[in-house]
Amino acid sequence: MWRNQPHRGEIVSVKGTDSARSKKVAPQIADYSCRNFFNRSEMGKRITAFNWAKTSLGPISEWPQSLSIIVNFMLDSPLPLVLLWGKDGYMIYNDPYADFAGGRHPMLLGEKVVEGWPEVADFNRNIMKQGLAGKSLSYKDQTLTLYRNGKPEEVSMNLNYSPVMGEYGKPEGVMAIVVETTERVVAEQQRQHAEAAYRDSEKQKTVFFETALDAILTMDERGKLITLNPAAVRMFGYSREDAIGKELASLIIPPKYQEKHRHGLTSYIHTGKSHILNQRIEILAMRKDGSIFPVELTIAEVKIGDQRLFTGTIQDISERSRAAEKLRESEARFRALVTTSADVIYRMSPDWSEMRQLDGRGFLANTSEPDRNWLSKYIHPNDQGSILSSIRKAVETKSVFKLEHRVLQADGNLGWTYSRAVPILDAKGNIIEWFGAASDITEEKRAQEEQQKLIAITEQRNALLKVSKAKDEFIALASHQLRTPATTVKQYINLLLNDFAGPISPLQTKYLQTAYENNERELNIITDLLKTAQLDSSNAYQLNKQSHDIVAIMREAIADFKATFEQRHQTVAFSASHKSIGATIDATEIKLVFANLLENASKYSHAGTEMKVRVSRRGDQVDVSVADKGVGISKEDQQRVFDKFTRVDNELSDTVNGTGLGLYWVKQIVQLHNGSITLTSTLGKGSKFTVRLPRE
Amino acid sequence: MSKSVLVIEDETDLREVYKIVLSAQGYEVYTAKNGVEGIKQLTAHRPALLLLDLFMPIMDGKEFLRNIDVNDYSETTFVVFTNLSNKETEAEMLELGAHKVMLKASMTPQQLAQFANETTGV
């Protein structure tokens, strides 16, 4: 089980039995997840042979995969690494650490760290405490007194401690990188002494020779040292007095290579052939104290008369190597940390043209053979460009590759990863390959996308509401502006009609009345338009719903039209299933519905006819029907009578005024009440409108 | 002493017609063409009835109501008299202290006079 996220995993909560553990083995990577450490190294054999059953780690066959991976990783590392596993910090380490441990090796293997290094027990107790709490610690040139070989020894070390995550995402161990710096510290001290000596020196020759950062040494054809500059004094630790006249080879060349050097010189003197003259070469040099360090060397031949001299310019490149080592160190830390936590581990060729291996752990399809089509296989087409440019940048600068991008998952779905990769460099700083890890961030991305969608929808809705509000405001203002002059006309005609300007003749009265009535029509149209516009934006239309008696409202509506009906000699037969039928409605609006139906019934019926109105309760609904014996509506026209501005042509339409909005309102208002309206009609026989409203 | 009415209305013709009609009923009619003038007239005359238009320059009817406390004028009936008809406006004006909101377009001069009489108890 790799992931810490519970939403994908099959088994998460089991922390107990070993049998449960052995079942949840994720797809394996060839190298790191196996539990056979045998053929990896000397320490691999020892770890395999060790009787772990006597420790709390239990037999290797039952080790959690994260532990196997980290051990495999250690065994591959050139750095001295020791893993302190579990709360007791059982020690598992690699060959370089075995060298470091000196006489303590191999007793340290499988030993508790506090007991393995009793002289620094307190130091290590603190390391375990901090590490298991998830903290990384780092000490530069830390000096501790160790008894590695039976005697006290001041050991200077660069120490790096990182917590190592276990199966459940909690630190279960501490990985230590132990780089001994004792030699370097000594060399540094010597350099400082040499520098002090140099400052005291009055024998300064040429400025270049004396102050050059590179060591410059000259020898004769017999290989004897003739001159050396202060930088050489600093670099090798010999004083001039010590060195001049001695054989160069025995002074600064490691014993292993001394014979080769002597042979090369003799050979050149006799044959004139050399592989190294006037070339920049990297070799190992030796200091007075016997320590070996890498240098870059250029040798030039100088002839003075008969004498043949050779000048070597030497640059200490151990800093350069150290930088590479630092990078390897950080890479090692990176590997150690990501290997246990990432969802995907991959390796790439130096230029990324070839994927060497990918362990997809169920998220991406695995690749164990070199794959040159990885880009199209794993990467979403739209993200390939950005990936290639990020790769280019990382390759050019030999820096970490980092990118969030879409991937084609093993299950065929589209997912997201956060991918990062470090270049693995050789001693010369060339990229050997890239080691990468990617986390499955699909869920996070999806959540992000959802959130963005929600924001977009909300913004859209707000924009629409704003437009709708602007429209409502415009309609309100427009109706106000249209009403003002018409209102003024109304008031003044009225003044005239009421003799405010003196008595008027009957004909003047008739004309003024016609003007007044038409002005009233205009005011009514404005009101109708406003009402229609408000109903159109029905989401902004607020109903004032309260409990009312539908029977009473219909009675009032009929009463309001009493004069009209009488004028047309029409009668209304009203009946109700109950004395009163309560419903939660907007009374003003529903009365408008009834009024419109009654008005239409009257308008489109001839004088002297009868209308039937019935209100009946049907469970939690109420039906209101208005039937007439009028002109009726044809089948085709029945489809559109509820549309805006519809006026149906019939034998009475010439005598009927209207804007064609009444039934549109009726339908809108009924729908706002979650009700329905139906129409049955026969041309020449009459129409029946039935409104059904929910009572609650 | 006759009762007084204050008409706050920016439309000159309307201001005039209301003055004619209400004066004929025996009212002392004061007029103002915006809210600022209206406040001056209100404090000076403390009318029995105040007709307030909404859309006016300088200070509109809404601002007018915000700038006074109707409780300071217990003898005055505040009527918003406007051609802007919607439920929101009506609710807002009543909230601001108006006693009634009426649609100008729906009132004839006689109806206005009748309303004034009923309101002021003449």
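Parameters at a glance
- Residues numbered from 1 in each chain as written.
- Chains lettered and ligands numbered in written order.
- Predicted model: local features only at pLDDT ≥ 70, side-chain atom pairs only at ≥ 80, totals over all residues.
- Heavy atoms only, no water.
- Helix = DSSP H or I, 4+ residues; strand = E, 2+ residues; numbered from the N terminus.
- Buried < 20%, exposed > 50% of the residue type's maximum accessible area, 1.4 Å probe, protein only.
- Contact = heavy atoms within 4.5 Å.
- Buried area = accessible area lost by both parts, 1.4 Å probe.
- Salt bridge = Lys/Arg side-chain N within 4 Å of Asp/Glu carboxyl O.
- Nonpolar A, V, L, I, M, F, W, Y, C, P; charged D, E, K, R; others polar.
- Pairing = 2+ DSSP bridges.
- Arc of directions from axis to C-beta.
- Polar contact = N/O pair within 3.5 Å; in protein donor to acceptor, adjacent residues only side chain to side chain.
- Axes fitted to C-alpha atoms, helices over the stretch in contact; angles between N-to-C directions.
- Core = buried A, V, L, I, M, F, W, Y, C linked by side-chain atoms within 4.5 Å.
- pLDDT = per-residue confidence, 0-100.

Colleague: Just checking my understanding: could you explain the environment of G173 of chain A for this structure?
Modeller: All names here are of chain A. Mapped onto the fold, G173 is located in strand β5 (residues 171-180). Residue G173 is classed as buried on the basis of its relative accessible area of 0%. As a C-alpha pair, G173 and D88 span 85 residues in sequence and 9.1 Å in three-dimensional space. Apart from residues lying up to four places away in sequence, G173 is in contact with L84, W85, G86, L132, S162, P163 and V164.

Colleague: Could you clarify how one ought to interpret the interface of chain A and chain B in this entry?
Modeller: Put simply, an interface is often sized by how much accessible area is lost when its parts join up. Of the residues lining the interface, 23 residues belong to chain A; the matching set on chain B comes to 25 residues. Taking both partners together, chain A and chain B bury about 1,900 Å²; carbon and sulfur atoms supply 59% of that area. Summed over the three residues of chain A that lose the most area to chain B, namely H480, R483 and Q491 of chain A, the buried surface amounts to 27% of that side. Inspection of the region where chain A meets chain B yields zero salt bridges. Every element with two or more residues in the side of chain A that touches chain B is listed here: α16 (442-497) and α17 (506-536) of chain A. For the side of chain A that touches chain B, the element with the highest residue contribution is α16 of chain A, accounting for twelve residues. Its residues placed into classes, the side of chain A that touches chain B shows ten nonpolar, nine polar and four charged.

Colleague: Quick question: what am I supposed to make of the pairing of strand β21 (residues 676-682) of chain A here?
Modeller: Look at any regular strand and the pattern is simple: side chains alternate between the two faces of the sheet. Residues and elements named next belong to chain A. Alternating positions in β21 separate cleanly, I677, L679 and S681 being buried on one face and S676, T678, T680 and T682 remaining unburied on the opposite face. Examined bridge by bridge, β21 and strand β22 (residues 686-694) share seven bridges and lie antiparallel to one another. Directly across from S676, in β22, lies its bridge partner R692. Between the end of β21 and the start of β22, which pair antiparallel, lie three residues, with G684 showing a positive phi angle near 85 degrees.

Colleague: What am I meant to see in helix α2 (residues 35-45) of chain B here?
Modeller: Helical geometry note: an α-helix holds 3.6 residues per turn, so side chains three or four residues apart project in the same direction. Residues and elements named next belong to chain B. Buried within α2 we find G35, G38 and L42. For α2, the angular spread of buried residues about the axis comes to 45 degrees, placing them on one side. Away from its buried face by more than 90 degrees, α2 exposes K40 and A44. On its buried side, α2 packs onto β1 (4-8), β2 (28-32), β3 (49-52), α3 (61-67) and β4 (77-82). The opening residue of α2 is N34, an N-cap whose side-chain oxygen sits 3.0 Å from the backbone nitrogen of V36. Of the residues trailing α2, R46 is marked for its positive phi of about 40 degrees.

Colleague: Please explain the sheet that holds strand β11 (residues 344-348) of chain A as it appears in this structure.
Modeller: Strand pairing in a sheet takes place through backbone hydrogen bonds and is either antiparallel or parallel in direction. Residues and elements named next belong to chain A. As summarised here, the arrangement of the five strands in space is β12-β11-β15-β14-β13, forming an open sheet in which the pairing is antiparallel. One side of each edge strand has no neighbouring strand; the edge strands of this open sheet are β12 (355-359) and β13 (401-408). The average undirected angle you get between the axes of adjacent strands in this sheet is 25 degrees. Bridge count between β11 and β12: four bridges; the pairing is antiparallel. Its bridge partner lying in β12, I345 is registered against D359. Contacts between α16 and the sheet are confined to β13, β14 (414-425) and β15 (431-440), with β14 contributing the most and set at about 130 degrees to the helix.

Colleague: Please clarify how the nonpolar core should be interpreted in this entry.
Modeller: In terms of nonpolar packing, the biggest core is built from 49 residues, with I47, W63, V71, L83, Y97 and W117 of chain A touching the most fellow members. Residues contacting I47 of chain A, with those up to four places away along its chain left out, are F37, W52, I60, W63, V71, L75, I92, Y93 and L109 of chain A.

Colleague: How should the sheet that holds strand β20 (residues 621-627) of chain A be read in this particular structure?
Modeller: Residue and element names in this part refer to chain A. Read across the sheet, five strands follow the order β17-β19-β20-β22-β21 without closing on themselves; strand pairing throughout is mixed. In the strand order of this sheet, the two ends are held by β17 (571-576) and β21, each with one partner. Adjacent strand axes in the sheet meet at a mean angle of 10 degrees, parallel and antiparallel pairs treated alike. Strand contacts of helix α18 (residues 550-560): β17, β19 (610-618), β20 and β22, with the helix running at about 175 degrees to β17, the strand carrying the most contacts.

Colleague: Please clarify how the confidence of the model for chain A should be interpreted in this entry.
Modeller: Low pLDDT means the predicted atomic positions in that stretch should not be read closely. All names here are of chain A. Summary statistics for chain A give a mean pLDDT of 80 and a share of 84% for residues scoring 70 or more. Mean pLDDT across the secondary structure elements of chain A bottoms out at helix α1 (residues 18-23), with 37, and peaks at β20, with 94. Under a pLDDT of 50 for its full length, residues 1-31 has, in the predicted model, 58 contacts with residues more than four places off or in other chains. Below a pLDDT of 50 lies the segment residues 198-208, which in the model reaches ten contacts outside its immediate sequence neighbourhood of four places, other chains included.

Colleague: Could you clarify how one ought to interpret the pattern of salt bridges in this entry?
Modeller: Oppositely charged side chains are able to pair whenever their charged atoms sit close together. Residues and elements named next belong to chain A. This structure, assessed with the given rule, holds 29 salt bridges over all chains. Here R347 makes a salt bridge to E433, at a shortest N to O gap of 3.0 Å. Here R347, found in strand β11, pairs with E433, found in strand β15; they are 86 residues apart in sequence, far enough to count as distant. For R347, a relative accessible area of 23% puts it in the partly exposed group. Taking the relative accessible area as the measure of exposure, E433 reaches 10% and is therefore buried. With a shortest N-O distance of 3.2 Å, E354 and R372 are connected by a salt bridge.

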